[in-house]
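# Examination of the molecular architecture
Residues per chain are reported as follows:
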Amino acid sequence: MEPPPERPRDSPSVADTAAEFLSLIGLKELEGCLFAERLAVVAVGASPRDEAQGQWWMAAQWAPYQQEGAPMQSCILVQTRFRGKHNGVLVSSSLKAYLTWQLETLEQEEQECLELTPHPIEKRTHFVSHEYGMTVTRTLQEGGAEPQCHSFSYGRARLRARLLEGASLLLLRVLARRRTMPPGLVFPAINSEGDLCTFSYSALGIQRQAVGSAETEVFVIRRAVRASTGAPSVWHSSFLPSGHLAQLMQIGAPVLMLLQDESILSKSGRFAPQLPFPKEPLEWDEDMELYSYFLDRKEELQLSHAAYLQQHPEVRALLSDFLQALLHQQPDDTISFAAEFFAHQRPIGSPFASTGAASPLPSSPAGPPPANSK
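Cut-offs applied
Residues numbered from 1 in each chain as written. Predicted model: local features only at pLDDT ≥ 70, side-chain atom pairs only at ≥ 80, totals over all residues. Heavy atoms only, no water. Helix = DSSP H or I, 4+ residues; strand = E, 2+ residues; numbered from the N terminus. Buried < 20%, exposed > 50% of the residue type's maximum accessible area, 1.4 Å probe, protein only. Pairing = 2+ DSSP bridges. Contact = heavy atoms within 4.5 Å. Core = buried A, V, L, I, M, F, W, Y, C linked by side-chain atoms within 4.5 Å. Arc of directions from axis to C-beta. Polar contact = N/O pair within 3.5 Å; in protein donor to acceptor, adjacent residues only side chain to side chain. 1 Å grid on protein atoms, 1.4 Å probe; cavity = no way out; pocket = protein on both sides within 12 Å on 5 of 7 lines; lining within 4 Å. Points joined across faces, edges and corners; volume = space filled by probe spheres on them. Phe/Tyr/Trp six-rings, centres within 6.5 Å; stacked < 30°, edge-to-face > 60°.

## Section: the environment of Ser23
Within the fold, Ser23 resides in helix H1 (residues 12-23). A relative accessible area of 55% means that Ser23 is categorised as exposed. For the pair formed by Ser23 and Leu103, sequence separation is 80 residues and the distance between their alpha carbons is 9.5 Å.

The structure is reproduced here in structure tokens:
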């Protein structure tokens, strides 16, 4: 495994300033940024009500994470998906990142696919953190050819306060909800190719923007990705006060991501909660794209449910106690039995103490101990 070419090290002041800024982000502040949202992909210059050419989706939520040989921990799972067309070619990309609440990346995978006929191109970049630092693996698959893989690593000393793409997306939500940021905000970073770079953020102020046929105020943030070679990539992100995106645009790209559903805005122009997946008629056998979204959503729900059960072990004990009582009593009216079971509470230390729920089983009269007891 060959290390990447040596690059100039970050000045201590950049990493120190970035680390101090990240340390001031509170857990409660991050929890306000955990939600799902969806934007339409439209051509640059198109009307906000023009037909979408694709879809961009992002979600952040608590989820369990475990590396081999390590204990399971609760972390933040950030996911994005993009699907659209560029010059008539179907393009899709995805990101899945597991983060600590200090925005350190535990693991991240980015995938990009160009569905060229008959030789599709798929590119993956996988990042995984370990005790010695972080390993990056890049994989390129062209058609039916053998995949080309290249791996390299960064030492832990070079990862201090360094952001990856998933962490940057979550940080943008934090900045958007604050609606303010210090000037010259720069973080050491690693880009989607696995190269060392910097992410810089600056506020472009409050602007008016169309959402469907409505108009609302948005807070615009400019993010620039600068590597040691090549021109920087610049993104403009427009946010509602809640931290939800109204527009996402990469400067120079032929398409942008736009919020088209004005029904999520109240009369005051503020964000009204929306379902990340509005109810739509689905043709499972005919529309493979919708079926793919269904499978992705299923995986997200499974992760969310697993995280909840991990954080609330009493749920399993509660259900176990209820089933034990139900099978012992075998009542004719299971609904009334369940209502009685869950309506009463008994102090810890009594029967069914694992949940604190009252036992509907009849009390047994005291009797002699078993014959083999001492």
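## So, the pairing of strand S4 (residues 89-99)
Sheet topology note: the strand S3 (residues 73-86)/S4 ladder contains 11 bridges and is antiparallel. By the bridge assignment for S4, Arg81 is matched with Ser94. Taken together, S3 and the strand that follows it, S4, pair antiparallel across an intervening segment of 2 residues, in which Asn87 is found at a positive phi of about 55°. In terms of strand pairing, S4 meets strand S5 (residues 105-114) through 9 bridges, oriented antiparallel. Within the sheet, the bridge partner assigned to Tyr98 lies in S5 and is Glu107. The antiparallel hairpin formed by S4 and S5 contains 5 residues in its connecting segment, where Leu103 sits at a positive phi of about 70°.

## Here we look at the side chain of Gln247
Note on placement: Gln247 falls in strand S13 (residues 245-250). The buried category is assigned to Gln247, whose relative accessible area is 17%. Those residues in contact with Gln247 that sit more than four places away from it in its chain are Gln209, His236, Ser237, Ser238, Leu256, Met257 and Leu258.

## Side note on the nonpolar core
With 53 residues, the main nonpolar core has Trp56, Leu103, Leu163, Leu170, Leu171, Phe187 and Tyr201 as its most contacted residues. At 8 residues, the largest contribution of residues to this core is made by helix H3 (residues 165-178). Discounting chain neighbours no more than four positions away, the residues touching Leu163 are Leu22, Leu103, Leu171, Phe187, Pro188, Ala189, Ile190, Phe199 and Tyr201. Counting residues in hydrophobic clusters, the runner-up holds 9 residues, among them Phe152, Leu159, Ile190 and Leu196.

## Re the environment of Ser237
Within the fold, Ser237 resides in strand S12 (residues 233-239). The residues touching Ser237, leaving out its near neighbours within four places in the chain, are Leu172, Phe219, Val220, Ile221, Leu245, Gln247 and Leu248.

## Brief notes about helix H6 (residues 334-343)
Side chains of residues three or four places apart in an α-helix project in the same direction, reflecting 3.6 residues per turn. Buried within H6 we find Phe337, Ala338 and Phe341. Looking straight down H6, one finds that the buried residues subtend no more than 95° of arc, so they occupy a single side. Facing away from the buried surface of H6 by more than 90 degrees, the exposed residues are Ile335 and Ala343. Looking at the buried side of H6, the elements it contacts are helix H5 (314-329). With a side-chain oxygen lying 3.3 Å from the backbone nitrogen of Ile335, the N-terminal cap of H6 falls on Asp333.

## Remarks on the layout of surface pockets
To find leftover empty space, a probe the size of one water molecule is rolled over the atoms. Empty space within the largest pocket amounts to approximately 1,300 Å³. Lining the largest pocket are 48 residues, with Ser93, Glu112, Ser192, Trp235 and Gln250 sitting closest to its centre. Ranked by residue count, the leading element in the lining of the largest pocket is S3, at 6 residues.

## Some points on the packing of aromatic side chains
The tally for this structure, following the rule as stated, stands at 8 aromatic pairs. Summarising the aromatic geometry, the rings of Phe152 and Tyr154 are spaced 5.8 Å apart at their centres and angled 90° between planes, so their arrangement reads as edge-to-face. Across the pair, exposure class does not vary: Phe152 and Tyr154 are buried alike. Between Phe187 and Tyr201, the aromatic rings sit 5.8 Å apart at their centres with planes inclined by 85°, giving edge-to-face as the arrangement. Note that Phe187 is positioned in strand S9 (residues 185-190) and Tyr201 in strand S10 (residues 196-211), a separation of 14 residues in sequence. Taking the relative accessible area as the measure of exposure, Tyr201 reaches 2% and is therefore buried.

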